Amino acid sequence: MQLPETPTSLRGLDLMKRLVAYQSGQATWYENGREVGPREQAACQQLNANLTNLVEKCLHPLMDRVTAREMQGFTMHDRYHGLKVAHLMWHALLPARRVTLSPVEIALLVTSAHLHDLGMGLSDRERSERLSPSSSLWDTVDPDSEYAKALSQLTDLAQSGTAGGAITHEALYQVQQAQEALLCLDCRERHATRARYRQILDTLGEFHKEDPIRISDPLTALSFDGDSFEDKLIEICVSHNEDAHVLTDPDPTNIEQFRFPTQYPVGCCVADTRMVAAALRLADILDFDRERTPAVLFHYILPQSDDPRENMSVREWSKHLAISNWQIESERIVFRGRSPSAFIHHVIIEFCHTIEDEIRRTKSTYLDEEWPFTIRPSVVPAIEASGYRYMPYRFSLDEQRVYDLLMGKNIYRNKLDAVRELIQNAVDACKLRDNLMQSYDGTVTPSKVGRIKIIYEEPKKEGQAPRLSVIDKGAGMDRYIIENFFLKVGRSYYKSSEFLRTRSFLRKKGFDFAPIAEFGIGVMAVFMLGDRIEVETAPWSPSRKDSYLRRLWIDGVGRLIEVRETDNSELPRFYGTRVTVQLTSRKASAPGWEEVKVYIENICKNLDFSLTLEHVTAEGCETFEVEPEGLNVPVPPHLASTAIKIPVDDPNLGLKGEIVFYRAPESSRAQAAMASETPMELMDRPIEPRAYGQSGTLLRGGFAVGTIPGLPSFILAPKADGRVEVSRSVQNARSLPITDLARSRLSEQNEIQASIFKTWLTELLAHLDEIERRPIGDPTVSRELFRSARWLQELWSAHDLFRLALTGWPFRFKDPTKTGKLFDNWEKGEGSSLWAGDSYGRSLTTVVFDMILPKITSIVVGENANYFVRPPKTGWQEALRNWHSFVSEGLSWPIFADYTRPNENYLYDSYSDSNFLNKRFETIFDGFPLPEIESIPALLGKLTSARGTDRRAQFSQAEIGVLMRLLDAGGHLIVRRFGETYTVRELVKGKASLANTAVTS
């Protein structure tokens, strides 16, 4: 059947013509042929007049506004879309069903066709509210803050006014486009809500009050024979953005009735509301042709790029432009058209698969004999290729190889990481259930004990494998979750639009949580432990009228999964999830109980729930509890007086916790005293295992994900320790930062590293007087963090930083007590130069001296690349106190420095890759560009290293050019390496190579 052209007015719709026939008595909707009586005709006439007024005077103008704003870059959602959907509803129905459409069914079909997308239009006030930082928009369409950051950068550029007029104008345009795209995505997600439709109908009511003669009352218009169908219309419109299973859901206000009854009484007739809801979802997705995409808009309104791979709008418009016509045949739907692009051709084919899937899902809610539509789940794209040959080549995956990657140590370093994945899933499920429970009843306080259990069962017979089970009393899974997420590798429920809507709802109720799960591959890791897995699950709250208890037996990846269902009516009813795996690894022996127990204790540090561990043996069951440890760092008693506890609280990054430093001299004495009191026979054992941590523990969702970035490293004192949690609050609800696939570390740690660095350095500088009295030592720090910390110069002077560095300087000497007089003389500008470190040092003292001292003194290079600083200029302390640009200026020592005995005749001392050339030979490099001069120490260091290992050094063409110029200018000069000396010419000859060709001179 070739579809006729869509009418251009409401009166031209076959649905409305049928209603006119009822009001004139020319047709009847009664199956027995009974004529329509006078009162019924009058009711139909009134319904026709009210519908026409409502749609043409109110809905059509509002629908045109949708395309004019947020949806302008996508397919049309204007009045013609409404007319087309209503047109398709009629032609999708079986002919026999068309003639029995009741007046209310016609009214519901017509109004839902026009109302269902109306929520996509926004007023100026609504646009402003949705784009505000506190809006739930960012949770639903931007949980990882990617769009927010990009939009902020564009806005800053547009408002700076320093980038030039054209660039600023372009930035403003991009800001506007980005805002429209965000609002479009947001509208697609949230337009189909009861509250949104109620708001629209209330607005129409206000229009009626302002102009009661021209605009009819929506409450009256959405009534038949004095009976309103407004609430059911809203339910039908809401359902079009939900999964097809809702067509058979129970009424949430009365579970004994269906949400969409097939005999819904309105006035003197009934309506099959399930049919109407099904017709809306089918007709909406079938509106896929040229009529929805005027070519003039495609060419003149779209954003600048016309490459469909770069612009989603172009992709959508092109997809619809390519369809010329389509028809419904007895067993299939055929879309016909031409496409100028293989990419668009492929998009059309993919969308046809989407239509097929929607028809199949909708049809699954009906018995075959009940199906009231002519369409079948077979959609054929007949697209003629213009200027290309469509070959649907695409990369395919070797499933077994992918499974092997996900199940092996290519991703997970430890097979027990699978246990962590299961516990993480359990934690998320329990948190989801608790949040939903409290959102419904704020007086409920869910228990944190006994919710998650890990059972290790020893084999009962020789030759059998032990069994490991992780059990939670969380949200559980129904069939929909199992099929669409649990069994879909790489598809996480917590990244789905369904969960984002749930999360937005929770936030409005004052509840929220950031799920730990993100990749959707965790269940695959379980196969590292064994090939046979049993899953038992039932939903805590059957939101989809599905409370079945399901057991899945998974006998290896890629094999069929056996599923058994029971009605779960036995008391106590099971809810939650239990995953059991037989511990038979293909690559190694099964992990033992102690190994599993220690792993869980080391990884599960601060969960929201206690963990119950059970060890089941032939002798009985032994139980252990793993409790949340909190974020306070345990300090050994003998070191308590030497500890500096520094709180961590960064709400912007969601960091919370504590870090601890130990004062170097005091902790050393405390350690020595402790050792002297310990019996000799125990000295070969650690006093307290892991007492000082491994540079602290970084937590994400309560699980350890590596060490804390940004901490200094102590040599003469116990390591810096810490407990820092990366979390999110309800006020700053974003997703947790992403980890690597193995969850062993955060994928991006730069911001956290900088925050931790700022936290401890701020604490030390804020208590500088105390640090001078009781030093912490001279830890190793990040030179890069210091060089990029502009906040330092805003809060402190260079002299403050110098004082802090000076507290660690004595610890660079064998006898720190003798350094006082040395510094006193140097401070007064008297005496000899002061030893300041070596060129490869990264201690706090060295890094700060390198930043600060070039302002007030110069450097002298001694033997083995040790360097010294001359006594400073007069008034140096005042100069440092007034210097607040020491980071932004980025001072450093000049590359040429005075060499002292016994190195005064050497061009370069390569000891530990020194950075300085002898100032005595500076004139030799006249005419050399500064970048070339700065590269010479590294080139000479590479040559001396090659000399020491008797191999050639590889250089680029540019580096070879620098070496050749160095040979011409100073080939006779001497370079020192660990007591041995060579001329530059001796080093270069036969040791420098380009493309495996030795350079000789």
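Computed from a predicted model, the values in this text were never measured in an experiment. (Residues numbered from 1 in each chain as written. Predicted model: local features only at pLDDT ≥ 70, side-chain atom pairs only at ≥ 80, totals over all residues. Heavy atoms only, no water.)

1. Overview of the sheet that holds strand β27 (residues 906–909)
Spatially, 3 strands are ordered β27-β30-β31 in an open sheet, and the strand pairing comes out mixed. Each of the sheet's edge strands pairs with one partner strand only, and the pair in question is β27 and β31 (980–983). With direction set aside, neighbouring strand axes in the sheet form an average angle of 30°. Strands in contact with helix α32 (residues 930–949) are β27, β30 (974–977) and β31; relative to β30, the strand with the most contacts, it is inclined by about 60°. (Pairing = 2+ DSSP bridges. Helix = DSSP H or I, 4+ residues; strand = E, 2+ residues; numbered from the N terminus. Axes fitted to C-alpha atoms, helices over the stretch in contact; angles between N-to-C directions. Contact = heavy atoms within 4.5 Å.)

2. Description of the pairing of strand β20 (residues 697–700)
Every second residue of β20 is oriented toward a common face, with T697 and L699 on one face and L698 and R700 on the other, all of them buried. Pairing of β20 with strand β21 (residues 703–704) involves 2 bridges; the strand directions are antiparallel. Of the residues in β21, the one forming a bridge with L699 is A704. Between the end of β20 and the start of β21, which pair antiparallel, lie 2 residues, with G701 showing a positive phi angle near 65°. (Buried < 20%, exposed > 50% of the residue type's maximum accessible area, 1.4 Å probe, protein only.)

3. Notes on the sheet that holds strand β11 (residues 467–472)
With respect to topology, 8 strands assemble into an open sheet ordered β14-β13-β12-β15-β11-β10-β16-β17, the strand pairing being mixed. The open sheet is flanked by β14 (561–566) and β17 (620–626), the only strands paired with a single partner. If you compare each strand with its neighbour and ignore which way they point, the axes differ by 15° on average. Looking at chain direction, strand β10 (residues 452–457) and β11 are connected through 6 bridges and run antiparallel. By the bridge assignment, E457 is partnered in β11 with R467. Packed onto the sheet, helix α19 (residues 479–486) meets β12 (532–538) and β13 (549–555) and runs at close to 30° relative to β13.

4. What about the side chain of T362?
With respect to the secondary-structure elements, T362 resides in helix α16 (residues 342–363). The exposure class of T362 is buried, given its relative accessible area of 0%. Residues contacting T362, with those up to four places away along its chain left out, are A244, L247, A278, R281, L282 and W371.

5. Focus on the pattern of salt bridges
Inspection of every chain in the model, using the stated rule, returns 45 salt bridges. Between R214 and D211 there is a salt bridge whose closest N-O contact spans 3.0 Å. With a relative accessible area of 42%, R214 lands in the partly exposed category. Residue D211 is classed as partly exposed on the basis of its relative accessible area, which comes to 25%. Residue K605 is joined to E629 by a salt bridge in which the shortest nitrogen-to-oxygen separation is 3.7 Å. Of this pair, K605 sits in the loop between α22 (593–603) and β16 (611–617) while E629 sits in the loop between β17 and β18 (643–650); the two residues are 24 residues apart in sequence, bridging distant segments of the chain. (Salt bridge = Lys/Arg side-chain N within 4 Å of Asp/Glu carboxyl O.)

6. Brief notes about the nonpolar core
Counting 95 residues, the largest nonpolar core has W760, F786, L792, F802, I852 and L917 as the members making the most contacts within it. With 7 residues, the single largest contributor to this core is helix α24 (residues 750–766). The contacts of L917, once residues within four sequence positions are left out, are I895, F896, A897, Y899, L907, Y908, F925, I933, I936, P937 and L940. A21, Y30, L118 and A277 belong to the second largest nonpolar core, which has 86 residues in total. (Core = buried A, V, L, I, M, F, W, Y, C linked by side-chain atoms within 4.5 Å.)

7. What to know about the environment of G701
For G701, the position within the fold is in the loop between β20 and β21. The exposure class of G701 is buried, given its relative accessible area of 13%. Taking the C-alpha atoms as reference points, G701 and A514, 187 residues apart in sequence, are found 8.0 Å from one another.

8. Remarks on helix α28 (residues 798–808)
Here α28 lies mainly inside the structure; 10 of its 11 residues are buried. Along α28, the residues classified as buried are A798, H799, D800, L801, F802, L804, A805, L806, T807 and G808.

9. So, the packing of helix α1 (residues 14–24) against helix α5 (residues 103–115)
Relative to each other, α1 and α5 sit at 155°, their axes nearing to 10 Å. Comparing their axes, α5 and α1 come out roughly antiparallel. Seen along the crossing, α1 lies across α5 with a hand that is left-handed. For the pair α1 and α5, contact is made by L15, M16, R18, L19 and Y22 and by P103, I106, L109 and V110, respectively. (Parallel < 35°, antiparallel > 145°, perpendicular 65-115°, else oblique. Left-handed = near helix turned anticlockwise from the far one by under 90°.)

10. Re the packing of aromatic side chains
For any pair of aromatic rings, the description rests on two quantities: the centre-to-centre distance and the angle between the ring planes. The full count for this structure, using the stated rule, is 24 aromatic pairs. Between the aromatic rings of F802 and F823, the centroid separation amounts to 6.3 Å while the plane-to-plane angle is 35°, which identifies the pairing as tilted. One end of the pair, F802, is in helix α28; the other, F823, is in helix α29 (residues 819–827), and 21 residues separate them in sequence. Comparing F802 with F823, the two get one shared label, buried. Feature note: the residues F661, F714, F757, W760, F786 and W791 constitute an aromatic cluster, connected by ring pairs. The residue whose ring lies beneath K232 is Y264, and the NZ or CZ to ring-centre distance is 5.1 Å. (Phe/Tyr/Trp six-rings, centres within 6.5 Å; stacked < 30°, edge-to-face > 60°. Lys NZ or Arg CZ within 6 Å of the ring centre and 35° of its normal.)

11. Comments concerning the confidence of the model for the protein
Of the residues in the protein, 81% have a pLDDT of 70 or more, and the chain-wide mean is 82. Counted against residues more than four places away or in other chains, residues 289–315, with its pLDDT under 50, gives 61 contacts. In this model residues 729–733 is a low-confidence stretch, pLDDT under 50, and it forms 11 contacts with partners more than four residues away in sequence or in other chains. (pLDDT = per-residue confidence, 0-100.)

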